[in-house]
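Structure at a glance
Letter by letter, the chains look like this.
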Protein chains: 2
Amino acid sequence: MDKIRVHIEPNSGSNRFFKIDKAALEQDRFATDPILERIDISFGGVNDQGAEGLSYAEILLCGRFDASNLPERAPKLKWIQSIFAGVESLIPQVAENVILTNTSGIHANKAGEYAMGAILSINGSVPQFIQAQHRLEWLPIYTSSVADKTVLILGTGKLARAIARHARHFGMRAVGVSTTGQLQPGFDECHPSGALDELLPCADFLVMALPETPATKNIVGRRQLDRLPRHAGLINIGRASALDVRALSDKLAADELAGAYLDVFEQDPLPTTSELWTTPRLVISPHCALDDGPNYIKLSLGIFLENLKRYMSGSTLQNVVDLKRGY
Amino acid sequence: MDKIRVHIEPNSGSNRFFKIDKAALEQDRFATDPILERIDISFGGVNDQGAEGLSYAEILLCGRFDASNLPERAPKLKWIQSIFAGVESLIPQVAENVILTNTSGIHANKAGEYAMGAILSINGSVPQFIQAQHRLEWLPIYTSSVADKTVLILGTGKLARAIARHARHFGMRAVGVSTTGQLQPGFDECHPSGALDELLPCADFLVMALPETPATKNIVGRRQLDRLPRHAGLINIGRASALDVRALSDKLAADELAGAYLDVFEQDPLPTTSELWTTPRLVISPHCALDDGPNYIKLSLGIFLENLKRYMSGSTLQNVVDLKRGY
C-alpha cells in the first residue's frame, strides 16, 4: 500500500508555541502513533523543498502561510487541516472538492475563562479601580453580585457555550444569539439574530464570540451599542470586524458603558495611534487570550490525529468548515 | 408582655449603602414583620437621645460607632448584632455575659466572584496587559488554562468555601488551610496551619481569607512569599494584618510573583505615600470588593430578623462570635 503524502506548512514565522515543525511533532504523542507508518511527511516553509512536497500532497496540515494559487500548487490535495479556528483568509484558496477542517474547540477553555474573568472584573468595577489606582485615588464602589444578571452572547458555538456554562455557574442568565436561534447546551435561551435589537436593552453583559462572515460584519455598531444599558459591559473574543470599536470607544469615553475587554482588533498589532489604547475602562489583551500556548500544538495535533484516523478509515472528519458559511 | 428594647446604632458616618437608619428599615421587609410589635426601637448616633436608648437596651444592632465603655453605658445588654463580619474592634467592649453575632456569610457571594475573577485575571496575564497598555505596547502572552492548577486558600470559612467552589468549577484543585485542618465542603483537601510552609511551593494561587486574630497576624511574611513559585498569584480579601505587604511589593517588583489583587490594607484609606499604589502587577480595590452595596442592609437585616426570632423563642442564635477566638 502506498503511503499517503502529508505536507506540513509549519507556521514558521510565529511564536514558538504555534510552530508545527519537526521538533514540535517529535515532542508530541503523535510521534509514536502507529499511523505514522502509513504516511510520508514533507515540510514547507524552510526552503524550496516545500514546493515539491506541496505538489504531491493529499493532505495539508498548516498554520499561517502563503496560500496564493494553492489549487495550482497542490493539485492532489483532498483535505486541509488548519491549526487555527478562524480560517476566513484561507477559504478563497480552497478548491471545491477539498475538505477544510479547523481547530474549533481548542480555544473554548481559555475563552470561557477570559470572558468570565472579564465579566467578574467589569461587574466588580475593577477597570474603575485600575484607573483610580493610577491617580493614587481611593475610590470605593460597592457593586452587587453577578447572580441574576444577564449575559447576552453573540454566537452559540463552542466558545459561546463555555462562557454560558460559567455564567450559569455564577447564577447568571445566559442568552444566546445565532443565525437560527436554535437552543444550544448551556444556554437559558437562544434567539435568531433578528431579535438582537430587542435583546440588547436587557443585557448586563454583551459577549461577542462570532466568526467573520458577511453576516457578522459590523453586527454591533453604534445603534446596537446605544441600546445597551449604561451599566453594561462588553467583551469581544470573536472576530474584530463584528464590532464598531470607534463607537465603543465613544460610548466608554462618554460614560455610557461600564467597561470593556477586547482581545481582537481589525489591525493586529493595534497601531500606537489607535484611540483604544487610552479609552477609559477598556482593557486590551493583545490577541492572545484564547490561545493556550503551552498546549496549543498538543491540542491541534490531537484534532489532526483523530481526523487522520477518520480519513484513513473513510469516516466523516470533525471540525469541517462550511466553505459557503465561512466557519 | 413588656416589649423588648432594641437599640440601633445606625452607622451614620458611612456610605449610604451601609446605614441602618429609620429610612433603611422602612424600605425593608423587616418593616412589615409581625415581630416589630414585640419590640421597641431607639436610634443612636443622631443626638443625645441615643445615650438613653442604649442604657435601656437588651439588644443592640450596630454598625461602626463609638463603643467605648459599652458595658457601663448599656448595662442591660444581652445581645449585640453587628452588621459587619469582622468585629475585632468591638470585642474588647463586649461584656462576658453578652452574646455577639456578626454577619459572616453575607460577603461570600462577592468574595467568591472577586477572588475567582482575580485568579482568572492573573492566570491570563491581565495585570501585564494593563501595564503594557499604558505604554501603548502590544505584548502577547500565551498562558495555559487554570484547569488542573492549585489554589491554596488560607481560611476555610464561608468566604473560602465560596472561592473553593468556583475554583473547582473551573477544574482547579482547592486546598484549604485552617487551625484544625478539618475538611470543609467545597475543598479537595484541608490542612492545619502548621503545614503552610510545605504547601506554599505547590500553590499556583494563594488566596487569603482570614479573620484578624493573634494567630493570623503576619502569617504570610517574606519567608512564606519566598516559598511560592515565581508564577504564583496572591489575593487578599481577609484581614490586612495577615500579610506583609512590603514583602509582597518587593517580590512583585523583583518579578518573583506573577501578580496580586489586594482589597484590604492596614491603613484604610491607603495613604498616597504607599508603595503599593505603583507596585507592578498589583491591582488595588479600595476595601469594597466584598460588599454588595445595593443589598447590604437587606442581607444584614435578614440575619438580624432571623436571630431576633430565635432570641424571642429562646433558640441558639446564628453567627455567634467566639470572643476568645475573635471570629
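None of these values were measured; they are calculated from a predicted model.

The subject of this paragraph is the interface of chain B and chain A. Often, the extent of an interface is quoted as the loss of accessible area upon association of its parts. Between chain B and chain A, the contact holds 44 residues from the first and 44 residues from the second. Examining the composition of the side of chain B that touches chain A, we find that 8 residues originate from one element, helix 4 (residues 108-123) of chain B, more than from any other. The residue makeup of the side of chain B that touches chain A, split by class, is 25 nonpolar, 15 polar and 4 charged.

With that settled, the discussion passes to the relation of the copies chain B and chain A. Rotating chain B by 180 degrees and translating it 0.0 Å along the rotation axis places it on chain A, where the RMSD comes to 0.0 Å. Interpreted geometrically, this transformation is the action of a two-fold axis. Across chain B, the rotation axis passes nearest the C-alpha of Gly117 of chain B, at a separation of 2.4 Å. Mapped onto chain A, 100% of the interface residues of chain B again fall at the interface, so both copies present the same surface.

Before going further, it helps to spend a moment on the packing of helix 4 (residues 108-123) of chain A against helix 6 (residues 158-169) of chain A. Residues and elements named next belong to chain A. It is the contact of helix 4 with helix 6, at a shortest axis distance of 8 Å, that shows an interaxial angle of 45 degrees. The angle between helix 4 and helix 6 places the two elements in the oblique class. When the axes of helix 4 and helix 6 are compared, the crossing they make is right-handed. Contacts from Ala108, Asn109, Ala111, Gly112, Ala115, Met116 and Ile119 of helix 4 reach helix 6 at Lys158, Leu159, Ala162, Ile163, Arg165, His166 and Ala167. Residue composition of the contact of helix 4 with helix 6, by class: 9 nonpolar, 3 polar and 2 charged.

Residues Ile153 and Ile163 of chain A together with Ile153 and Ile163 of chain B are the most contacted members of the largest nonpolar core, which totals 127 residues. Not counting the four nearest positions on each side in its chain, Ile163 of chain B is found in contact with Ala111, Gly112, Ala115, Met116, Ile153, Val207 and Ala209 of chain B.

Residues and elements named next belong to chain A. Domain boundaries in chain A define domain 1 (4-106 + 292-313) and domain 2 (108-284). Taken over C-alpha atoms, the centre of domain 1 sits 33 Å from the centre of domain 2. Counting from both sides, the interface comprises 5 residues of domain 1 and, opposite them, 8 residues of domain 2. A class-by-class count of the residues in the side of domain 1 that touches domain 2 yields no nonpolar, 3 polar and 2 charged.

Next up on the list: the environment of Thr213 of chain B. Residue and element names in this part refer to chain B. Mapping Thr213 onto the fold places it in the loop between strand 9 (205-208) and helix 8 (222-227). In the structure, Thr213 is positioned 53 residues away from Glu266 in sequence and 14 Å away in space, judged by C-alpha atoms. Those residues in contact with Thr213 that sit more than four places away from it in its chain are Arg325, Gly326 and Tyr327.

What follows deals with the sheet that holds strand 5 (residues 99-101) of chain A. Strand-to-strand pairing in sheets goes through backbone hydrogen bonds, with the strands running parallel or antiparallel. Residue and element names in this part refer to chain A. Spatially, 2-1-3-4-5 is the arrangement adopted by the 5 strands of the open sheet, whose pairing is parallel. Looking at strand neighbours, the two that pair on one side only are strand 2 (39-43) and strand 5, the edges of this open sheet. Across the sheet, the mean angle from the axis of one strand to that of its neighbour is 20 degrees, orientation sign disregarded. Here 5 bridges tie strand 1 (residues 4-9) to strand 2, and the two strands are oriented parallel to one another. Looking at the pairing, His7 lines up with Ser42 of strand 2.

What counts as what
- For every chain, the first residue of the written sequence is number 1, and numbering continues from 1 along that sequence.
- Chains and ligands are labelled by the order in which they are written, letters from A for the one and numbers from 1 for the other.
- In keeping with the predicted nature of the model, local features appear solely for residues at pLDDT of at least 70, side-chain atom pairs appear and are counted solely at 80 or more, and the whole-chain, interface and lining totals rest on all residues.
- A residue pair is marked as a contact if its C-beta atoms, positioned from the backbone, fall within 7 Å.
- Helical segments are the DSSP runs of H or I of at least four residues, strand segments are the runs of E of at least two, and each set is numbered from the N terminus.
- Think of it as three bins: nonpolar holds Ala, Val, Leu, Ile, Met, Phe, Trp, Tyr, Cys and Pro, charged holds Asp, Glu, Lys and Arg, and polar takes everything else, Gly as well.
- The least-squares superposition of copies is restricted to C-alpha atoms, and to residues with a pLDDT of at least 70 in both copies.
- Where helices are involved, their axes are fitted lines through C-alpha atoms of the stretch in contact, as for all axes, and angles between N-to-C directions lie from 0 to 180°.
- An angle counts as roughly parallel when it lies under 35 degrees, as roughly antiparallel when it exceeds 145, as roughly perpendicular when it falls between 65 and 115, and as oblique in every other case.
- Helix crossings fall into two classes, left-handed where the near helix is turned counterclockwise from the far one by less than a right angle and right-handed where it is turned clockwise.
- Structurally, a nonpolar core is described as a collection of buried Ala, Val, Leu, Ile, Met, Phe, Trp, Tyr and Cys residues joined by way of C-beta atoms within 7 Å.
- Three classes are used. A residue is buried when 20 or more other C-beta atoms lie within 10 Å of its own, exposed when 12 or fewer do, and partly exposed in between, with C-beta atoms placed from the backbone.
- Residue ranges for the domains originate in an automatic or database domain assignment.
- The rule for pairing is simple: two strands pair if DSSP sees at least two bridges between them.

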